[in-house]
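Chain residues, written in single-letter form:
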Amino acid sequence: MSLSEYFELLFTDYTLRTITLGTAVLGAICGMLGSFAVLRKQSLLGDAISHAALPGIAIAFLITGTKDANVLLLGALVSGLIGTFWIRGMTTKTHLKSDTALGLVLSLFFGFGMLLLTFIQKQPNANQAGLDKYLFGQAATLVEKDVQLMVIVTGVCLFVLLLFWKEFKMLLFDADYTMTLGFNTKFIDILITFFIVLAIVLGLQTVGVVLMSAMLLAPAAAARQWTNSLGIMVFLAAIFGAFSGVLGTAISASQNNLSTGPVIVLVAAVFVLVSFIFSPGRGLLFRELRFRRNRRDLQLKKTLQFMYGIAKTHENISHPHAIRILNNFQGFTKTSLRALEEKEWIELDKQLWSMTDKGFDAAQDLYNQQANND
Amino acid sequence: MPLKIYIINKQIMTNPQIEIQLIAVVVAIACAIPGVFLVLRKMALISDAISHSILPGIVIGFFITQDLNSPLLILLAAFTGVITVVLVEMIQKTGLVKEDTAIGLVFPALFSIGVILIAKNANDVHLDVDAVLLGELAFAPFDRLLISGMDMGPQSLWVMGVILLITLGLLFLFFKELKVSTFDTGLSSALGFSPLILHYGLMSVSSVTVVGAFDAVGAILVVALMIAPAATAYLLTSDLKKMLLLSVGFGVFSAIAGYWLAHLLDASISGSMTTVLGIVFLLVYLFAPSKGLLSVLYRQKQQRIEVSLITFLLHLNNHQEENERHVNHLNEHINWQKVRSKSVLELAQKNNMIGIENNIVSLTDKGREFTNLALEYIITNKDEKIEHMKEDFFLFRG
Amino acid sequence: MIDRKLAVSVDDLTVAYNYKPVLWDIDLQIPEGVLMAIVGPNGAGKSTLIKAILGIIKPIAGSIAIYNKPYKKQRKLVAYVPQKGSVDWDFPTTALDVVMMGTYGSLGWIKRPGQKEKKASLEALEKVGMLSFKNRQISQLSGGQQQRVFLARALVQDASIYFMDEPFQGVDATTEIAIINILKELRKAGKTVIVVHHDLQTVPEYFDWVTFLNVKKIATGPVKDIFNDDNLTKTYGINYKVAVNK
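Residues numbered from 1 in each chain as written. Chains lettered and ligands numbered in written order. Predicted model: local features only at pLDDT ≥ 70, side-chain atom pairs only at ≥ 80, totals over all residues. Heavy atoms only, no water.

J.: What is the right way to look at the overall build of chain B in this model?
T.: Along its length, chain B carries 17 helices and four strands. Here chain B, with 398 residues, has 55% of them falling under the buried criterion. Pairs at least 24 residues apart make up 65% of the contacts formed inside chain B by residues separated by at least 6 positions. Summing over all exposed atoms, chain B offers an accessible surface of approximately 17800 Å²; the carbon and sulfur share of this is 63%. (Helix = DSSP H or I, 4+ residues; strand = E, 2+ residues; numbered from the N terminus. Buried < 20%, exposed > 50% of the residue type's maximum accessible area, 1.4 Å probe, protein only. Contact = heavy atoms within 4.5 Å. Areas by Shrake-Rupley, 256 points an atom, 1.4 Å probe, with all protein chains shown as cover.)

J.: Looking at this model, I keep getting lost on the packing of helix α3 (residues 45-64) of chain A against helix α4 (residues 69-93) of chain A. Mind explaining?
T.: In a packed pair of helices, the relevant descriptors are the angle between the two axes and the axis-to-axis distance. Residues and elements named next belong to chain A. At their nearest, the axes of α3 and α4 sit 6 Å apart, and the two run at 135° to each other. When the interaxial angle is binned, α3 and α4 end up oblique. In this structure, α3 crosses over α4, and the sense of that crossing is right-handed. On α4, the residues that touch L45, A48, I49, A52, A53, L54, P55, G56, I57, A60, F61 and T64 of α3 are V71, L72, G75, A76, S79, G80, G83, T84 and I87. For the contact of α3 with α4, the class distribution of residues is 14 nonpolar, seven polar and no charged. (Axes fitted to C-alpha atoms, helices over the stretch in contact; angles between N-to-C directions. Parallel < 35°, antiparallel > 145°, perpendicular 65-115°, else oblique. Left-handed = near helix turned anticlockwise from the far one by under 90°. Nonpolar A, V, L, I, M, F, W, Y, C, P; charged D, E, K, R; others polar.)

J.: Sorry if this is basic, but what is going on with the environment of I182 of chain C here?
T.: Residue and element names in this part refer to chain C. Assignment of secondary structure puts I182 in helix α6 (residues 173-188). On the basis of relative accessible area, I182 is assigned to the buried category, the value being 8%. With 54 residues separating them in the primary sequence, I182 and V128 have C-alpha atoms 7.7 Å apart.

J.: When you look at the sheet that holds strand β8 (residues 192-196) of chain C in this model, what are you seeing that I'm missing?
T.: Adjacent strands of a sheet form backbone hydrogen bonds with each other and so pair up, either parallel or antiparallel. All names here are of chain C. What the six strands build is an open sheet, ordered β6-β7-β8-β3-β9-β10; its pairing is mixed. At either end of the open sheet lies a strand with only one pairing partner, and these are β6 (78-81) and β10 (216-222). The average angle at which neighbouring strand axes cross in this sheet is 15°, direction not considered. Sheet topology note: the strand β9 (residues 209-214)/β10 ladder contains six bridges and is antiparallel. Its bridge partner being in β10, W209 is matched across the sheet by P222. Taken strand by strand, helix α9 (residues 229-236) contacts β3 (35-39), β9 and β10, and its axis lies near 30° from that of β9. (Pairing = 2+ DSSP bridges.)

J.: Help me understand empty space enclosed by the protein in this model?
T.: Think of a ball as big as a water molecule: rolled over the atoms, this probe shows where empty space is left. Counted under the stated rule, the structure contains five cavities of 30 Å³ or more. If you add up the space inside the largest cavity, you get close to 110 Å³. In terms of lining residues, the largest cavity is bounded by 14 residues, among which L68, N69, V211, G212 and D215 of chain B are the most central. With five residues, helix α10 (residues 195-217) of chain B is the largest single contributor of residues to the lining of the largest cavity. Among the residues making up the lining of the largest cavity, the classes are represented as 10 nonpolar, three polar and one charged. Roughly 50 Å³ of volume is contained in the second largest cavity. The wall of the second largest cavity is formed by V38, L39 and R224 of chain A, L96, V97 and K98 of chain B together with D90 of chain C. Taken together, the residues of the lining of the second largest cavity sort by class into four nonpolar, no polar and three charged. (1 Å grid on protein atoms, 1.4 Å probe; cavity = no way out; pocket = protein on both sides within 12 Å on 5 of 7 lines; lining within 4 Å. Points joined across faces, edges and corners; volume = space filled by probe spheres on them.)

J.: Help me understand the interface of chain B and chain A, please; the structure alone is not making it clear to me.
T.: Buried accessible area, meaning the area lost when the parts come together, often serves as the stated size of an interface. Each partner contributes to the interface: chain B provides 61 residues, whereas chain A provides 57 residues. Of the roughly 4900 Å² buried where chain B meets chain A, counting both sides, 75% is carbon and sulfur surface. At the junction of chain B with chain A, the criterion picks out 11 residue pairs in polar contact (both at pLDDT 80 or more). With 15 residues, the single largest contributor to the side of chain B that touches chain A is helix α5 (residues 99-120) of chain B. (Buried area = accessible area lost by both parts, 1.4 Å probe. Polar contact = N/O pair within 3.5 Å; in protein donor to acceptor, adjacent residues only side chain to side chain.)

J.: Looking at this model, I keep getting lost on the domain arrangement of chain A. Mind explaining?
T.: What the domain assignment reports for chain A is domain 1 (3-282) and domain 2 (290-373). Placing the centre of domain 1 of chain A and that of domain 2 of chain A at their C-alpha centroids yields a distance of 59 Å. (Domains from an automatic or database assignment.)

J.: Help me understand a nonpolar patch on the surface in this model?
T.: Residues and elements named next belong to chain A. A cluster of nonpolar residues, L3, F7, F235, I239, F243, L247 and I251, forms a patch on the protein surface that exposes about 610 Å² of accessible area. Those elements that provide at least two residues to the nonpolar patch are α1 (3-12) and α12 (230-253). With five residues, the top contributor of residues to the nonpolar patch is α12. Within the element layout of this structure, F7 appears in helix α1. Accessibility expressed as a relative area gives 35% for F7, which makes it partly exposed. (Patch = residues over 30% accessible without salt bridge, like charges linked within 9 Å, V, L, I, M, F, W, Y side chains within 5 Å. Salt bridge = Lys/Arg side-chain N within 4 Å of Asp/Glu carboxyl O.)

J.: Would you mind going over the pattern of salt bridges with me for this structure?
T.: A side chain of one charge can pair with a side chain of the opposite charge if their charged atoms are brought near each other. Taken as a whole, this structure holds 16 salt bridges over all chains when the rule is applied. Here D88 of chain C and K98 of chain B are joined by a salt bridge, their closest N and O atoms 3.4 Å apart. With one member in each of two chains, D88 of chain C in the loop between β6 and α3 (95-107) and K98 of chain B in the loop between α4 (71-94) and α5 form a pair that bridges those chains. Accessibility expressed as a relative area gives 16% for D88 of chain C, which makes it buried. Its salt-bridge partner being D208 of chain C, residue R187 of chain C comes within 3.1 Å of it at the nearest N-O pair. With a gap of 21 residues between them, R187 of chain C in helix α6 and D208 of chain C in the loop between α7 (203-206) and β9 connect regions that are remote in the sequence. Residues joined in a network through salt bridges with shared partners are R224 and R282 of chain A, K98 of chain B together with D88 and D90 of chain C.

J.: It is not clear to me how the pairing of strand β3 (residues 352-355) of chain A should be interpreted in this structure. Could you clarify?
T.: Look at any regular strand and the pattern is simple: side chains alternate between the two faces of the sheet. Residues and elements named next belong to chain A. Where strand β1 (residues 321-322) lies against β3, two bridges are found, and the strand directions are antiparallel. Counted as the bridge partner of H321 is W353 from β3. The pairing of strand β2 (residues 346-349) with β3 spans four bridges and is classified as antiparallel. Residue pairing across strands places E347 opposite S354, the latter belonging to β3. Between β2 and β3, which pair antiparallel one after the other, the connecting turn spans two residues, and K350 there sits at a positive phi close to 50°.

J.: Would you mind showing me how to read the nonpolar core here?
T.: If you look at the biggest cluster of nonpolar residues, it comprises 286 residues, and the most contacted ones within it are F281 of chain B together with V8, F163 and L183 of chain C. Among the elements that line this core, the one with the most residues is helix α2 (residues 16-40) of chain B, at 16 residues. Those residues within four positions of F281 of chain B in sequence are excluded, and the remaining contacts are W86, M90, L96, L104 and L108 of chain A together with A231, T232 and L235 of chain B. (Core = buried A, V, L, I, M, F, W, Y, C linked by side-chain atoms within 4.5 Å.)

Quick look at the structure:
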């Protein structure tokens, strides 16, 4: 199937439409909540939570014996929340640092989850097939019911986000100050954390434990580069997330042997890369250009000052001098002289240059500015 | 396959059970040593990043060598691990995102490339993505190292053994440098050890270890083997040598206990090893003598009472007027609950620091002396003033 | 000062951080309408004192009253300027947005700021000379400008008592003068201003009231009466004089 065939099928094929819608909604909610995780410097919390969810899935299956996605997700939610709060407990009550706490919860919960999964697999009667899809995720197994759940959760999340927008924003920026204004910061904090955990758990089936954290981070990290407003950042992150979901699904559906999760993550990584380089405000490319322009400006100004030093020794400031005498000064080139001429700071006449009144004033300004700064 | 079965039959002396445990023990020790330094340097999550991002290196190495245990493949994959660290540092330097975000962006991308490489070449690469994540220790004894037809034992035992020896060698050679640079970067560069070389040296050793161990225990559980023993040891001691020994001990214990747990449950060996590590950590986390949760909570409770006591004594010392020294004042003015003020009063009385007459509290001589000493300590922060008080009070043990 | 109302009254306040006691049995009465500096060496608990008064840190013992009532009931009378370094200035928001946060307290939960709040915020920005930077992303402001934005956010709260944590740290000379002028204006309007301060040289010039703090309260009162070598030595230890005379 080629990409164009995919997009044609999208309108006719029910399964494909369900899957695409699912990954799009998932990308959107992850992007939205990921923005908060990134800004709270909790980027890697997502990684720990998604791994910590695994034993919950296995235990929910062991207790209920059902493969109903909602039941398993409830298990994942509980064990993800336990992991999250244990990480906090560890960092506040012992001297273990947050990186160690995150790594511990991530690997220990996951290992325990694997023990349970392999144990389940060996059970004679268990129709366990399908539990391991939570490792890497299988978008293909999404059914309408799953997508419905995603849409409902996203709706609730959006509602809460809009309702407590002001509180969320303030807590993210300045928690102590929020407290002095009389807001219950613990409540706001738990609300945000709960929704982040919820989004992660929701994505496990599609993207899997291992790559879930990237779904959360990448759209937000990309969006941050394009805007300086929290609202626009959250909105852009949702868009980037949704696009990564749709494009990833499309690419993996149009090729053999490509699981959706890794492709979605790579598409999101491309968004990040492009944003890092090409965003006009913060991007590396424009930063480099600005840097070069500043350096050129500085060089021009230095040349002008050098000329000013020569010109002011003469009564007539526009007295022509040979370009040769600038040779002592390393910073000038033909281009920079021409640039100075364009600014009408100097006049060039064959091998001679002379300073204009305008140039003299400009140089004097520079001189005064420097004196002030010192 | 017939060849392998033949070899196993011939090797009557080799018991696969013992071999598996031996491999597990060697892997655990090899992981625990760099793990201690990662935990102390607050870089525990780098092991997570490396263990995932070596995947494309392994796949490409496998295309070239066709052998999962080839030294070339191990070096190639380890190189990818070091590249990850460099990439993360490069992204951090741009200042576009916070540090932890940089880690979170790099490794899933590299891991995804690895997964896709495997999927696209499924026919040529005998690598299973599940095995990448989980490893399979049970199969390790089947890959034998043959030298001119002689069976020298399982290949992975040799690979990990060599890695462990190199790690141990480097540890002994550079112990002093590692110690100084871990606890005091400034001092270490002043003494002329380049922190940069040590940093990348540690990263290289960690990468090589992860690659070697990965075959046996998989990408995620190798993280557990690195971090958990070190973190558990860190709750028990702050001495580097003791910490190294303890982590190795925990690693070995969990390797052997984990094997038998897996045997019992008929489940994944690496999953069981991690679970044992988890249980050990949880126990230490709860019950460690001075840094465990319970003793921290107990100490905090004690401290509250002691701080209250000293506050109370200071208060008496500061105020001569009777209304400030009335028993009821404790409740009203100092804003304590009834229960606490009662226990504080009792504690003070038990230690003969106060006397109560007509509900007016006053300091005894002993109480006054104690208060003055405590005050001096608080203001000057000098320890020798309160040496003898340390016995009775947690507060000053911090 | 005998008949002045008490703006803040701290009684027997004790605060401990983890294992270390940081404030011990502090009694402190701050009369209304003073411009007060809290001085003391590093680790003396200056910031902690402010945070404990504002309820950010829970004390072990003691009580705090704002105009004779507990802080919780008087929250709207109090504004706070935290240390500049305590927040992430790369946060995606503008100067005006930050100042608007000052209005959130009176708005309460869920309600959004409207035109009235925006107007007040713009006025506060103008007062600190930052109106032309209102749409500037906060990371693109200089240290001094960031501090002015923080001050504007507190001004919007239109409080009676202002607590400021090291407002002169890392700001340029112009900003320092601008800030102190605003603080003096506040005092003239009958407000109480309490500032954690570390530059002893400027205390007599800037403030009319001072508290010496080093875990315990050393002294508090009018600058002209108690800002002397005796109290400085008690607060900073024997080496103090040598340091200042240099």
